Every structure is written in C-alpha cells, then in structure tokens.
Amino acid sequence: ERQFNSQVPLLVMRLGDGLRLAATRDVSQHVSFAIRRNTLGKVTLSDLVGLQMMPPAVAELLAACMRSTEIRIVFSGPTGSGKSTAIRACLSALEPTARVVIIEDTAELDFFDPVGRPNVESWEERLPNNEGEGGITQGQQVKHALRYRPDWLVCGEVRDSDAAVPMLKAMTHGQSSLTTVHAATAQGALDKLALYLGTGEDRLPPEVAHNQLYQAVDFVVHLDRLPDGRRVVQEVIEVAGFDGKRCTTNTIVQTEDDGAVRTMQRLEQRHLRALRRAGFDESVLGGGW
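None of the values given here were measured: they were computed from a predicted structure.

How each quantity is defined
Residues numbered from 1 in each chain as written. Predicted model: local features only at pLDDT ≥ 70, side-chain atom pairs only at ≥ 80, totals over all residues. Heavy atoms only, no water. Pairing = 2+ DSSP bridges. Helix = DSSP H or I, 4+ residues; strand = E, 2+ residues; numbered from the N terminus. Axes fitted to C-alpha atoms, helices over the stretch in contact; angles between N-to-C directions. Buried < 20%, exposed > 50% of the residue type's maximum accessible area, 1.4 Å probe, protein only. Arc of directions from axis to C-beta. Contact = heavy atoms within 4.5 Å. Core = buried A, V, L, I, M, F, W, Y, C linked by side-chain atoms within 4.5 Å. 1 Å grid on protein atoms, 1.4 Å probe; cavity = no way out; pocket = protein on both sides within 12 Å on 5 of 7 lines; lining within 4 Å. Points joined across faces, edges and corners; volume = space filled by probe spheres on them. Parallel < 35°, antiparallel > 145°, perpendicular 65-115°, else oblique. Left-handed = near helix turned anticlockwise from the far one by under 90°. Nonpolar A, V, L, I, M, F, W, Y, C, P; charged D, E, K, R; others polar.

(A) Local environment of the sheet that holds strand E1 (residues 10-16). An order of E1-E2-E3 is seen for the 3 strands of this open sheet, with the pairing classed as antiparallel. Across the chains shown, the open sheet's two edge strands, defined by having one partner strand only, are E1 and strand E3 (32-37). Taken pair by pair, the neighbouring strands of this sheet meet at an average axis angle of 20°, ignoring direction. Summarising the sheet, E1 and strand E2 (residues 19-24) pair through 6 bridges and their orientation is antiparallel.

The following block contains the structure:
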C-alpha cells in the first residue's frame, strides 16, 4: 500500500516489468514524476564483459566470489552507475537452486523465477499506515531473513543505519552477502558504512566501526557512469586488515583516466584460500600495474 496525497507528498513504488516510479506533489511547484526502467533485465557477468562494463579478470573474480560461501561484497557508486545491474549479474552465476533472500526498500532486482530460480525470496519494505502502524523496515527484514538460512543475503541498498547495522552484523557472522551503498569512491563506501555504524543503535566509535567493517566486508566494487553514458567498474578494493584505527585496503582493480583497466594480484591469504577453493586462478589478475 502506497499513499500519495497532501499528507504524504513523496511516493516511491514499483510498477512491475522493471519499472520504478518516484513522484512528488505539494512540496514542489507542480506534480512531477520520474520512471526508472531496468533495461537489461536478466543479465550475466559475461554480458557485462561484452558491454565493456568490466574486464574478463573482474568477471572471473566475481564469479568465484559467488561460488564461494565465504565472501561478502559491497557495490558502491553514484545513482545510475549500474550497482543493481552488477548484483543481478552476480546472482545469475549461482546454481539455480541456491537459497537467496533479497531485501529492498522498493523491489527492483526481480530475480525470482518459479522455474529457473524457485528458491529466491524477494521482500520489500512496508511503510506504516496513517496511524503509524504496520511498518516493516529493511532492518527488521534482515534479522528475520537469517532464520531462512540463506546461501546468499542481498540488501538492495543500504541508505541509513537502520538497514546498515543488522546487515553488517549478519556479514560479520560470515553470512555470504551482497549490498550496495551510494558513494563517490570505494574507500568512501567504507567511510559511509562506518558512519552508519556510528549513528546506529550501538553508536560505535569510529575505530570500532572500522574494526567491524574489517570483519564484515571482503571486497568493495565501485562503479561509475562515464560522460558517454557507459557504466564501468572503476575500482575494486580488498578489505585487507585493521591498523587499530581503520580498516586497511588493497587495490585490486583500477581504471585509469585514459580508460585503461589495470589489475593486480595482491590478495590476502584468507581471500586467496577462499577463492582457490571456489576454483579461481589468481594469475588472471596479473603480477602488478
């Protein structure tokens, strides 16, 4: 149930067929709306390589992450950079019977298929009614999702501490997870998540928040939209350690100003072991810049 009236002048809702509506009234000069459409639909990592969104080495790395049961990935980037598309492509690498729980404020990943993906749960945040009752937040759904024992837990977008705190706690406990966050850089994504932990129910100090991020996140994949409209993987960093104040990182993939994508094999042993068990050959990342 979505209300759109003078008391509730902002509306965000799913229209179906990959369409998402945002509308505004009363607080604006006139009623306005925007419709976002998922143009790619069902997409694979190979498709994204073909679209030059990522090089084959990055696709192989992400595919190995999805074959593993030990990896937690954060996708970051500005609006429209392809974060949801990247998640959809990663999920396509899973076995058809994989148990996946997807939690979004407005459903748009649209991954469930009664024949091809029958074991997928797709949940959506519910707003409270006029009496302020009946609301179900993303944070509540994350806690509930763990009772379903998912192979992969997906939080479509972390916008505030309500969703971030339970999601990162689940990731800290080793739950294989994908999530997204708006940020200008991969490092900025970690800083924003630390901010959410600092303003959440536990009010974690910065160094404690970064220590929790070290335990919760394995890789950050940062995407961006180029002036010509192409969406690309701009950077991939590995959360490598904790120096007592903040989590430390290794840059694995970097897109230069000239568009050249450079990769480096500098993975920590704990990640190498997990990825090797999933069949990853780290030599595809090369030896250095």
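Back to the text.
(B) Just helix H8 (residues 269-277), in detail. Buried within H8 we find His271, Leu272, Ala274 and Leu275. Seen from one end, H8 has its buried residues packed into an arc of 165°, which puts them on one side. Contacts made by the buried residues of H8 are with helix H2 (56-67), strand E9 (219-225) and strand E10 (231-242). Positive phi shows up at Gly279, right after H8, with a value of about 90°.

(C) Examining the nonpolar core more closely. Counting 46 residues, the largest nonpolar core has Phe75, Leu91, Val100, Leu178 and Val236 as its most contacted members. Examining the composition of this core, we find that 9 residues originate from one element, H2, more than from any other. Not counting chain neighbours up to four residues away, the residues in contact with Val236 comprise Val58, Leu61, Phe219, Val220, Val221, Asn250, Thr251, Ile252 and Val253. Counting 34 residues, the second-largest nonpolar core is a separate cluster that includes Ile103, Val165, Ala183 and Ala216.

(D) A look at the layout of surface pockets. Space inside the largest pocket adds up to approximately 770 Å³. Residue lining of the largest pocket: 31 residues in total, with Arg36, Gly80, Gly82, Thr85 and Arg231 positioned closest to the centre.

(E) Broad picture of the packing of helix H4 (residues 138-145) against helix H5 (residues 161-172). The geometry of H4 relative to H5 is characterised by a closest axis approach of 7 Å and an angle of 15° between their N-to-C directions. It follows that H4 is roughly parallel to H5 by the angle criterion. Like other packed secondary-structure pairs, H4 and H5 cross with a definite hand, here right-handed. Facing H4, whose interface residues are Gln138, Gly139, Val142 and Lys143, H5 presents Asp162, Ala163, Pro166 and Met167. Considered class by class, the residues forming the contact of H4 with H5 number 4 nonpolar, 2 polar and 2 charged.

(F) Highlighting unusual backbone geometry. Phi at Gln52 is positive, roughly 60°, even though this residue is not glycine. Residue position: Gln52 is located in the loop between helix H1 (45-50) and H2. The phi dihedral of Arg149 is positive, around 50°, even though this residue is not glycine. In this structure, Arg149 sits in the loop between H4 and strand E7 (152-155). Judged by its relative accessible area of 73%, Arg149 is exposed.

(G) Region of the structure containing the sheet that holds strand E6 (residues 120-124). As summarised here, the arrangement of the 9 strands in space is E6-E5-E7-E8-E4-E9-E10-E11-E12, forming an open sheet in which the pairing is mixed. Whereas interior strands pair on both sides, the edge strands pair on one side only; in this sheet they are E6 and strand E12 (261-263). Each adjacent strand pair in this sheet contributes to an overall mean axis angle of 20°, direction not counted. Bridge analysis of E10 against strand E11 (residues 247-255) gives 7 bridges, and the strand direction is antiparallel. Residue pairing for E11: Val236 is matched across the bridge by Val253. In this fold helix H3 (residues 83-92) packs onto strand E4 (72-77), strand E5 (100-104), E7, strand E8 (177-182) and E9, with an angle of close to 170° to the strand it touches most, E8. Packed onto the sheet, helix H7 (residues 206-216) meets E4, E10 and E11 and runs at close to 110° relative to E10.

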